[in-house]
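Read off the chains here:
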Amino acid sequence: MSYCHHTSLTLLFCLFVVGMKSAEQFKPKVQPITSSSVCNLSGGCPSDHFAIHMRSGAANVVGPKICFDGKTIMSHVLNNVGPGLNIVVVNSENGTVDRCGYLNMKDGVPEDILAYLKEIKPGEIVIVASFDDVTTKMTKEMREIFVAMGSALIESVSYRDNWVFAGRGGTASRSSFEKRAANDDTSNVYDGWPVAVEVGGCFPRSS
């Protein structure tokens, strides 16, 4: 159901869809994009931290972007993003990207999406960026899983809101790597869509 091709050193591409009975395949981009700065951060991170940066999609037009440890893992340019929750799961001990792709929250199968989220192990780093709407197939149990990873905002994410988050499986601590932009006609910057949101920083290897 999922496939994220990587070597022990460098992630090469992500090309799967979770939540559809037959996964739509994308033409892979074999080489990663390396940022001139480490994930757009102004300075480097300590050796016991990973540099991360995630930006949500803009409306339903421009896809999101997720950078981890100096590599762009998912982006509109790499053609490996999709509607819903774009997600990267990382082994916190060695920094290997175990899997990545998008959870199709518009047309996907909720049981498949929930099963994928339940496979995330305690201690794994989870980086998420929304694109388009993420609430159509969202269930209370899915929200509770993200709360258990440290999210303080997922329970308030509503129709067409933008949301980015980085947390850890099995943590009880609230993550500071989270932001939400509400779909509000008085503040939307696009027609019916809020501003894109982004968060970056140095994420600790261990909790």
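Everything discussed here concerns the structure shown above.
All residue numbers refer to positions counted from 1 along the written sequence of the respective chain. The predicted nature of this model means local features are confined to residues of pLDDT at least 70 and side-chain atom pairs, given and counted, to a pLDDT of 80 or more, with totals for whole chains, interfaces and linings taken over all residues. Excluded from the side-chain calculations are hydrogens and water; all other atoms, namely the structure's heavy atoms, are used.

A.B. asks: Describe the pairing of strand 5 (residues 49–55), with residues and values.
C.D. replies: The classification of residues rests on relative accessible area computed with a 1.4 Å probe and restricted to protein chains. Under 20% of the type maximum is buried, over 50% is exposed, and intermediate values are partly exposed. Working definition: helices are DSSP H or I runs of at least four residues, strands are E runs of at least two. Numbering for both runs from the N terminus. Burial runs high along strand 5: five of the seven residues are buried. Where strand 5 and strand 13 (residues 198–204) come together, seven bridges link them in antiparallel fashion. Following the sheet pairing, histidine 49 is matched in strand 13 by proline 204. Think of it this way: DSSP has to see at least two bridges between two strands before they count as a pair. When strand 5 meets strand 6 (residues 65–68), the two strands line up antiparallel, connected through four bridges. Paired with arginine 55 across the strands is lysine 65, a residue of strand 6.

A.B. asks: Any chance you could break down the environment of aspartate 69 for me, citing the residues and the numbers?
C.D. replies: Inspection of the secondary structure puts aspartate 69 in the loop between strand 6 and strand 7 (71–74). The class of aspartate 69 is partly exposed, set by a relative accessible area of 43%. Residues aspartate 69 and histidine 53, spaced 16 residues apart in sequence, show a C-alpha to C-alpha distance of 9.0 Å. Among residues more than four places away in sequence, those in contact with aspartate 69 are Cys39, Phe50 and Ala51. Any two residues whose heavy atoms approach within 4.5 Å at even a single point are treated as in contact.

A.B. asks: Could you give an account of the packing of aromatic side chains, naming the residues involved and the relevant values?
C.D. replies: To pair, rings of Phe, Tyr and Trp, with the six-membered ring standing in for Trp, must have centres within 6.5 Å; the planes then decide the type, stacked if under 30 degrees apart, edge-to-face if over 60, and tilted in the middle. Within the structure shown, the criterion is met by five aromatic pairs. A centroid spacing of 6.3 Å and a plane angle of 90 degrees characterise the contact between phenylalanine 146 and phenylalanine 165, whose relative ring orientation is edge-to-face. Here phenylalanine 146, found in helix 2 (residues 140–148), pairs with phenylalanine 165, found in strand 11 (residues 162–168); they are 19 residues apart in sequence, far enough to count as distant. An identical accessibility class is assigned to phenylalanine 146 and phenylalanine 165; each is buried. Where phenylalanine 177 meets phenylalanine 203, the ring centres are 5.2 Å apart and the plane angle is 55 degrees; that geometry is what we call tilted. A residue pair is termed long-range when its members are at least 10 positions apart, and phenylalanine 177 in the loop between strand 11 and strand 12 (178–181) and phenylalanine 203 in strand 13 qualify at 26 residues. Neither phenylalanine 177 nor phenylalanine 203 differs from the other in exposure class; each is buried. Connected via pairs of aromatic rings, a cluster forms that spans Phe146, Trp163 and Phe165.

A.B. asks: How would you explain the packing of helix 1 (residues 110–118) against helix 2 if you had to name every residue and give the values?
C.D. replies: Axis geometry follows a simple rule: fit a line to the C-alpha atoms, using only the stretch in contact for helices, then measure angles between N-to-C directions, giving values from 0 to 180 degrees. Across the interface, helix 1 lies against helix 2 with an axial gap of 10 Å and an inter-helix angle of 20 degrees. When the axes of helix 1 and helix 2 are compared, the pair comes out roughly parallel. Crossing angle aside, the handedness with which helix 1 passes helix 2 is left-handed. Residues Pro110, Ile113, Leu114, Leu117 and Lys118 of helix 1 touch helix 2, and the partners they reach there are Glu141, Met142, Ile145 and Phe146. Roughly parallel means an angle under 35 degrees; roughly antiparallel, over 145; roughly perpendicular, 65 to 115; everything else is oblique. A clockwise turn of the near helix away from the far one marks a right-handed crossing, whereas an anticlockwise turn of less than a right angle marks a left-handed crossing.

A.B. asks: So what about a nonpolar patch on the surface? Which residues, and what values?
C.D. replies: A patch consists of residues whose relative accessible area exceeds 30% and which take part in no salt bridge; residues with like charges are grouped when within 9 Å of each other, and nonpolar side chains (Val, Leu, Ile, Met, Phe, Trp, Tyr) when within 5 Å. Accessibility throughout is a Shrake-Rupley quantity obtained with a 1.4 Å probe, and a residue counts as covered only by protein chains that appear here. For this analysis, a salt bridge means a side-chain nitrogen from Lys or Arg found within 4 Å of a carboxyl oxygen belonging to Asp or Glu. Taken together, the side chains of Val189, Tyr190 and Val195 make up a nonpolar region of the molecular surface, amounting to roughly 260 Å² of accessible area. By the secondary structure assignment, valine 189 is in the loop between strand 12 and strand 13.

A.B. asks: Break down the pattern of salt bridges for me, with residues and values.
C.D. replies: Scanning the model with the defined rule gives five salt bridges in all. Linking aspartate 132 and lysine 106 is a salt bridge whose minimum nitrogen-to-oxygen distance equals 3.3 Å. Of this pair, aspartate 132 sits in the loop between strand 10 (125–131) and helix 2 while lysine 106 sits in the loop between strand 9 (97–104) and helix 1, and the two are 26 residues apart along the sequence. A relative accessible area of 9% means that aspartate 132 is categorised as buried. By relative accessible area, which is 33% here, lysine 106 ends up partly exposed. For the salt bridge of lysine 140 with glutamate 144, the shortest nitrogen-to-oxygen distance reads 2.4 Å. Of this pair, lysine 140 and glutamate 144 both sit in helix 2, four residues apart, which is roughly one turn of the helix. Given the relative accessible area of 63%, lysine 140 is considered exposed. Owing to a relative accessible area of 37%, glutamate 144 belongs among the partly exposed residues under this scheme.

A.B. asks: Residues and numbers for the nonpolar core, please.
C.D. replies: For our purposes a nonpolar core is just a set of buried Ala, Val, Leu, Ile, Met, Phe, Trp, Tyr and Cys residues, chained together by side-chain atoms within 4.5 Å. Residues Leu85, Ile87, Leu117 and Phe146 are the most contacted members of the largest nonpolar core, which totals 23 residues. Elements with a contribution of two residues or more to this core: strand 8 (84–90), helix 1, strand 10, helix 2 and strand 11. Residue contacts for leucine 85: discarding those within four places in its chain leaves Gly101, Tyr102, Leu103, Met105, Val128, Ala129, Val134, Met138, Phe146 and Trp163. Core analysis: the second largest hydrophobic core is formed by 22 residues, Ile66, Phe68, Val164 and Ala181 among them.

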